[in-house]
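Observations on the three-dimensional arrangement
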Amino acid sequence: MKVIIIVCLIVLLKETSSKPDDARDEEKCEGILVRNKFHRKHVIGMGLNRPYQLAYDHTDHKIFFSFNIGKDDEDSFEIGFIEKGHIKHKVIEGVENGFAIAIDNKDKVVYFGGSSGVYRHHFKTNTSVTKILSNHDIWDMFFKHHLYFITYPQQHLYKMVHVKNETEIERQKHIHENIYQFAIDSDEDIFITNGTGLYLIKNGTTDRIFYEGPKMYRAIEINNKGVAHFSGQNGIFVANKKKHVLEKIAHVKNIFGLTFDSEDNIIYSDPHEIVKLVREDCK
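Residues numbered from 1 in each chain as written. Predicted model: local features only at pLDDT ≥ 70, side-chain atom pairs only at ≥ 80, totals over all residues. Heavy atoms only, no water.

Another point: the overall build of the protein chain. Scanning the protein chain for helices and strands turns up 1 helix and 25 strands. When burial is assessed residue by residue, the protein chain has 45% of its 283 residues classed as buried. Across the protein chain, every contact between residues at least 6 apart in sequence was considered, and the portion connecting residues at least 24 apart equals 39%. Of the accessible surface of the protein chain, which amounts to about 15500 Å², a share of 51% is contributed by carbon and sulfur atoms. (Helix = DSSP H or I, 4+ residues; strand = E, 2+ residues; numbered from the N terminus. Buried < 20%, exposed > 50% of the residue type's maximum accessible area, 1.4 Å probe, protein only. Contact = heavy atoms within 4.5 Å. Areas by Shrake-Rupley, 256 points an atom, 1.4 Å probe, with all protein chains shown as cover.)

Ordered by their spatial adjacency, 5 strands build an open sheet running 1-2-25-24-23, and the pairing between neighbours is antiparallel. Each edge of the open sheet carries a strand with a single partner, namely strand 1 (31-34) and strand 23 (257-260). Strand-to-strand twist of the sheet, defined as the mean angle between neighbouring strand axes without regard to direction, takes the value 30°. Sheet topology note: the strand 24 (residues 266-269)/strand 25 (residues 273-279) ladder contains 3 bridges and is antiparallel. Residue pairing for strand 25: Ser269 is matched across the bridge by Ile274. (Pairing = 2+ DSSP bridges. Axes fitted to C-alpha atoms, helices over the stretch in contact; angles between N-to-C directions.)

Below, the discussion takes up the pairing of strand 24. On strand 24, burial covers both faces: Ile266 and Tyr268 on one face and Ile267 and Ser269 on the other are all buried. Pairing of strand 23 with strand 24, which is carried by 4 bridges, proceeds in the antiparallel orientation. Along strand 24, the bridge assignment pairs Leu258 with Tyr268. Linkage of strand 23 to strand 24, two consecutive antiparallel strands, is achieved through a turn of 5 residues, within which Asp264 is found at a positive phi near 70°. Between the antiparallel neighbours strand 24 and strand 25 lie 3 residues.

For the structure on display, the rule yields 10 salt bridges. Its salt-bridge partner being Arg208, residue Glu177 comes within 2.7 Å of it at the nearest N-O pair. One end of the pair, Glu177, is in the loop between strand 14 (166-171) and strand 15 (181-184); the other, Arg208, is in the loop between strand 17 (197-201) and strand 18 (209-211), and 31 residues separate them in sequence. On the accessibility criterion, Arg208 (24% relative accessible area) is partly exposed. A salt bridge links Asp189 to Lys241, with the nearest nitrogen and oxygen atoms 2.7 Å apart. (Salt bridge = Lys/Arg side-chain N within 4 Å of Asp/Glu carboxyl O.)

Further remarks concern the packing of aromatic side chains. If you walk through the whole model with that rule in mind, you get 18 aromatic pairs. Here the aromatic rings of Tyr52 and Phe77 are separated by 5.9 Å at their centres, their planes lie at 65°, and the arrangement is edge-to-face. Taken together, the positions of Tyr52 in strand 3 (residues 52-56) and Phe77 in strand 5 (residues 77-82) put the pair 25 residues apart, joining distant regions of the chain. When its relative accessible area of 17% is taken as the criterion, Tyr52 is described as buried. According to the relative accessible area criterion, Phe77 is buried, its value standing at 9%. Here the aromatic rings of Trp139 and Tyr180 are separated by 6.1 Å at their centres, their planes lie at 45°, and the arrangement is tilted. Of this pair, Trp139 sits in strand 11 (residues 138-144) while Tyr180 is found in the loop between strand 14 and strand 15, placing the two residues 41 residues apart along the sequence. Looking at Tyr180, the relative accessible area reads 26%, which means it is partly exposed. Each residue in the set Tyr52, Phe77, Phe99, Trp139, Tyr152, Tyr180 and Phe256 is aromatic and connected to the rest through ring pairs, giving one cluster. Over the ring of Phe256 we find Arg218, and its NZ or CZ is 4.1 Å from the ring centre. (Phe/Tyr/Trp six-rings, centres within 6.5 Å; stacked < 30°, edge-to-face > 60°. Lys NZ or Arg CZ within 6 Å of the ring centre and 35° of its normal.)

Now for the confidence of the model for the protein chain. Predicted confidence across the protein chain gives a mean pLDDT of 88, with 88% of residues reaching 70 or more. Throughout residues 1-27 the model reports pLDDT below 50, and contacts reaching past four residues in sequence, or to other chains, amount to 1 contact. (pLDDT = per-residue confidence, 0-100.)

Across the sheet, 4 strands lie side by side as 3-4-5-6; this open sheet has antiparallel pairing. Lying at the two open borders of the sheet, with one neighbouring strand each, are strand 3 and strand 6 (90-91). Bridge count for strand 3 against strand 4 (residues 63-68) is 3 bridges, and the pairing is antiparallel. Bridge pairing in strand 4 places Ala55 opposite Phe64.

A word on the environment of Lys124. Here Lys124 shows up in the loop between strand 9 (117-122) and strand 10 (130-134). For the pair Lys124 and Val109, spaced 15 residues apart in the sequence, the C-alpha separation amounts to 7.7 Å.

Structural data, given as structure tokens:
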């Protein structure tokens, strides 16, 4: 009888002692595969309601984003930011119903788009937010050499230019579609999305090349190498421009926003958090 009891105790001890190790391994290896490489999830913002439109300031390492301040069935937005080393966010004051964000990291300027226009903030001099364009409801923005923005509800694309110290806007008529997102990669190729999906317009042409994949996208972001990344609802994609197909590099459930830090680490948002993915070996 004693032998049986001792054997049972040994088996029980082995089982219970193995559980913490398994639990630690599962916790240690929790993360996301990006291009089949393990990346650990670092939560850098939490307690948010649908953070969209992520943008990264390479100088002070701030993350800007828009988020919903209304009820779940409402769309009332503000623009916030999270400083390096902090997890609680602060709010940008003076932007009415702020939704869109674009950063010129070369000249250290961040642009905000709201329901009544475009605003500019020079973070190198820490000046206040200044309104530079009125009477336009801004849906999305992108910066490369110039500020591009999409209006709502028309979904028209404009470029902002400076003429004799004055700000003027030019309707981009070569993009005749009603679009949701716009970006230019390092090849000067244009990507746009509309109600039917994603299209490439190669530099110097007007032909639209359709890319099979999700019909709706929540962001197009260019990393530091000039490569366009696309966030569908449940994944991050890049374009294979030789085969004209999308390649899924990461599976992320219910993704809302996307950006890259100064080291090209992916930063994304889900309905309530902002997460940075950092490459690590999983043992």
